[in-house]
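# Descriptive analysis of the structure
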Amino acid sequence: MAILSTGPIENNAVNSVRPTVQVTVKVDNRDAVNPSAVLIHGYNLTLTRTLYVSELITVSPDEVITRNYFANLDAYEFVFTTEGLAELQTEVSVWGKDSAGQLVTAHRLVSAELLGAEDGAATGSVNRIYVSNFNSNDVSVINGATGAVVAVIPVGVNPAGVAVNPLTNRIYVANLNSDNVSVIDGVTNTILTTVPAGGGSGAVAVNTATNAIYVANFNDNTVTVIDGLTNTVVTTIIPAGGSPFPTGIGVNSLTNTIYVSDFNSDIVTVIDGATNTVITQIPVQVNPFRVGVDPATNRIYVSNLTSNTVSVIDGATNTVITNVLVGTTPAELGVNVSTNAIYVPNRDTDNVSVIGGLTNTVITTIPVGNNPNGAGANPLTNRIYITNQDDNTVSVIDGVTQAVVSVIPVGARPFSVGVNP
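The rules behind each value
- Residues numbered from 1 in each chain as written.
- Predicted model: local features only at pLDDT ≥ 70, side-chain atom pairs only at ≥ 80, totals over all residues.
- Heavy atoms only, no water.
- Helix = DSSP H or I, 4+ residues; strand = E, 2+ residues; numbered from the N terminus.
- Buried < 20%, exposed > 50% of the residue type's maximum accessible area, 1.4 Å probe, protein only.
- Contact = heavy atoms within 4.5 Å.
- Areas by Shrake-Rupley, 256 points an atom, 1.4 Å probe, with all protein chains shown as cover.
- Lys, Arg positive; Asp, Glu negative; His and termini not counted.
- Charge placed at Lys NZ, Arg CZ, Asp CG, Glu CD.
- Phe/Tyr/Trp six-rings, centres within 6.5 Å; stacked < 30°, edge-to-face > 60°.
- Lys NZ or Arg CZ within 6 Å of the ring centre and 35° of its normal.
- Salt bridge = Lys/Arg side-chain N within 4 Å of Asp/Glu carboxyl O.
- Pairing = 2+ DSSP bridges.
- Core = buried A, V, L, I, M, F, W, Y, C linked by side-chain atoms within 4.5 Å.
- 1 Å grid on protein atoms, 1.4 Å probe; cavity = no way out; pocket = protein on both sides within 12 Å on 5 of 7 lines; lining within 4 Å.
- Points joined across faces, edges and corners; volume = space filled by probe spheres on them.
- Nonpolar A, V, L, I, M, F, W, Y, C, P; charged D, E, K, R; others polar.
- Axes fitted to C-alpha atoms, helices over the stretch in contact; angles between N-to-C directions.

## Description of the overall build of the protein chain
- The helix and strand inventory of the protein chain stands at 1 helix and 37 strands.
- For the protein chain, the spread of C-alpha atoms along the principal axes amounts to about 70 × 45 × 45 Å.
- Within the span of the protein chain, comprising 421 residues, buried residues form 58% of the whole.
- Residue pairs in contact within the protein chain that sit at least 24 positions apart in sequence constitute 49% of those at least 6 positions apart.
- Counting every atom, the protein chain has about 15,600 Å² of accessible surface; 50% of that belongs to carbon and sulfur.
- Distance from the positive charge centre (14 side chains) to the negative charge centre (31 side chains) of the protein chain: 6 Å.

Here it is in structure tokens:
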């Protein structure tokens, strides 16, 4: 995933006429085989930053798409998030036009200025990794370029889930035994607020298209929906009847669909993000634990803790394509959208199964530390981060060589990983 911005653009009126009244955006996918997706956000800049454009477009191979947006404002900014297998071959250009439809200026697209790229990081990369330490009740912040822990942030009791919204640079931590979510500012590494959730809030996911945060509450069998702009609870969803014990949650921001693994029911509940209602339930294998999503391929991956498998779901049909045998007690899933590889830590075999998303087969197995659980991938650097619960460390895997290149000490019983690319 890459994030680009025009930066703030002044558009003050001259003789009561603003120079730019319309912005034209051209998206060019130069890949002859693979599609890409671009999320376009436009902001009206006054005393506050108000979102007024939000559009997700899918760009077919060798396709060029043009969009025109209102820009008769004193100041504005456009931000573009590109994803998919053709992400690196997708180019975005932005032009201002006057009231006669004539070009006024080409607006630069920058990333390092906005996102703070540094030496050793990928261009436009924030490259921060957030690790929830279950027993020390804090979050370790790792600089992905240097491997150093740059901050330790106290949160609630037994933080279990971490999710990142790279568009807002907000990090969300689900605190299992505090029944709430800590909201972290990624710039200052401080807690902005704490939002009440349901009982046993152990997993969290972000919809970058809508800025909605979804929390799976294990103990009261619900999903809490939080508005990322106001940090308030919007609604509560019951994912399935009885006592499903939701343990994992994932979001496809391109389709606005949410997937909840129901541990006791052996199903995945599918939620429509537009209405926050349940669409269907998908039977999987025994004790589905965590969920990983690849928006580019519309594939959903579910680790089945007791079956030692990963269920691969087709997001278009909501059916299981296959079940992939992995190691013993598979935990979280790290999906690398750039390489179409899925990383699955196996708790009781102390290794990581790497599934090729094209073939749905295990292409290699990587030894890591003791009792690995969390997994997160940075698609810009091709680094994968695995938490080793009994070692209090994070193993860093090179996605090219599929080998551990470093081990980073963190807090007590590191559980989950969130990555801001």
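Moving on from the model shown.
## Description of the packing of aromatic side chains
- Tallied over the entire structure, the rule returns 6 aromatic pairs.
- Look at tyrosine 69 and phenylalanine 78: their rings are 5.6 Å apart centre to centre, the planes differ by 35°, and that puts the pair in the tilted class. You'll find tyrosine 69 and phenylalanine 78 in the same group, each marked buried.
- Aromatic side chains phenylalanine 78 and phenylalanine 80 sit 6.4 Å apart centroid to centroid with 20° between the ring planes, which places their arrangement in the stacked category.
- Judged by relative accessible area, which is 0%, phenylalanine 78 ranks as buried.
- Take phenylalanine 80: its relative accessible area is 0%, and that puts it in the buried class.
- Taken together, the aromatic side chains of Tyr52, Tyr69, Tyr76, Phe78 and Phe80 make up a single cluster linked through ring pairs.
- The aromatic ring of phenylalanine 289 is capped on one face by arginine 290, whose charged end is 5.2 Å from the ring centroid.

## Re the side chain of lysine 97
- Mapped onto the fold, lysine 97 is located in strand β8 (residues 90-97).
- The buried charged residue lysine 97 lacks any salt bridge, with aspartate 98 as its nearest oppositely charged partner at 8.8 Å.
- With residues near it in sequence (within four places) discarded, lysine 97 still touches Pro19, Thr20, Val21, Gln22, Thr24, Asn68, Gln102, Leu103 and Val104.

## A look at the pairing of strand β25 (residues 288-294)
- Along β25, 7 of the 7 residues are buried, which leaves the element largely enclosed by surrounding structure.
- When β25 meets strand β26 (residues 299-304), the two strands line up antiparallel, connected through 6 bridges. Following the sheet pairing, glycine 292 is matched in β26 by tyrosine 301.
- Linking β25 back to β26 in an antiparallel pair, the connection comprises 4 residues, with asparagine 298 at a positive phi of about 55°.

## Points about the pattern of salt bridges
- Per the stated rule, a full pass over the model turns up 9 salt bridges.
- Here aspartate 74 makes a salt bridge to arginine 18, at a shortest N to O gap of 3.0 Å. On the criterion of sequence distance, the pair formed by aspartate 74 in the loop between β6 (64-70) and β7 (75-83) and arginine 18 in the loop between β2 (9-10) and β3 (22-29) is long-range, its members being 56 residues apart.
- For arginine 18, a relative accessible area of 24% gives the class partly exposed.

## Comments concerning the nonpolar core
- Val25, Ile40, Phe78 and Phe80 are the most contacted members of the largest nonpolar core, which totals 18 residues.
- Among the secondary structure elements, those contributing two or more residues to this core are β3, β4 (36-45), β5 (49-59), β6, β7 and β8.
- If near-sequence neighbours (up to four positions away) are discounted, valine 25 is found in contact with Ile40, Ile65, Thr66, Arg67, Tyr69, Phe80, Val92, Ser93 and Val94.
- Ranked by size, the runner-up nonpolar core spans 13 residues in total, among them Tyr214, Ala216, Val225 and Ile237.

## Looking at the layout of surface pockets
- Computed from the structure, the largest pocket encloses a volume of approximately 530 Å³.
- Every residue lining the largest pocket is counted, 27 residues in all, and those nearest its centre are Thr168, Asn211, Asp227, Gly228 and Leu229.
- Residue classes in the lining of the largest pocket are distributed as 13 nonpolar, 11 polar and 3 charged.

## Re the sheet that holds strand β23 (residues 267-272)
- Strand order in the open sheet formed by 4 strands is β21-β22-β23-β24, and the pairing between neighbours is antiparallel. Of all strands in the sheet, those with a lone pairing partner are β21 (246-252) and β24 (277-283), marking the two edges. Neighbour-to-neighbour, the strand axes of this sheet turn through a mean angle of 25°, independent of strand direction.

## Here's the deal with the sheet that holds strand β36 (residues 403-409)
- Reading across the sheet, the 4 strands line up as β33-β34-β35-β36 and stay open at both edges, with antiparallel pairing between neighbours. Edge strands, defined here as strands with exactly one partner in the open sheet, are β33 (372-378) and β36. Taken over all neighbouring pairs, the strand axes of this sheet differ in orientation by 25° on average, direction set aside.
- Direction of pairing for strand β35 (residues 393-398) relative to β36: antiparallel, over a ladder of 6 bridges. Across the sheet, residue aspartate 398 finds its bridge partner in β36, namely alanine 403.

## Brief notes about unusual backbone geometry
- Even without being a glycine, asparagine 127 presents a positive backbone phi close to 55°.
- If you trace the backbone, asparagine 127 turns up in the loop between α1 (112-115) and β10 (128-133).
- With a relative accessible area of 1%, asparagine 127 lands in the buried category.
- Positive phi, close to 55°, is recorded for asparagine 318, a residue that is not glycine.
- Mapped onto the fold, asparagine 318 is located in the loop between β27 (309-314) and β28 (319-325).

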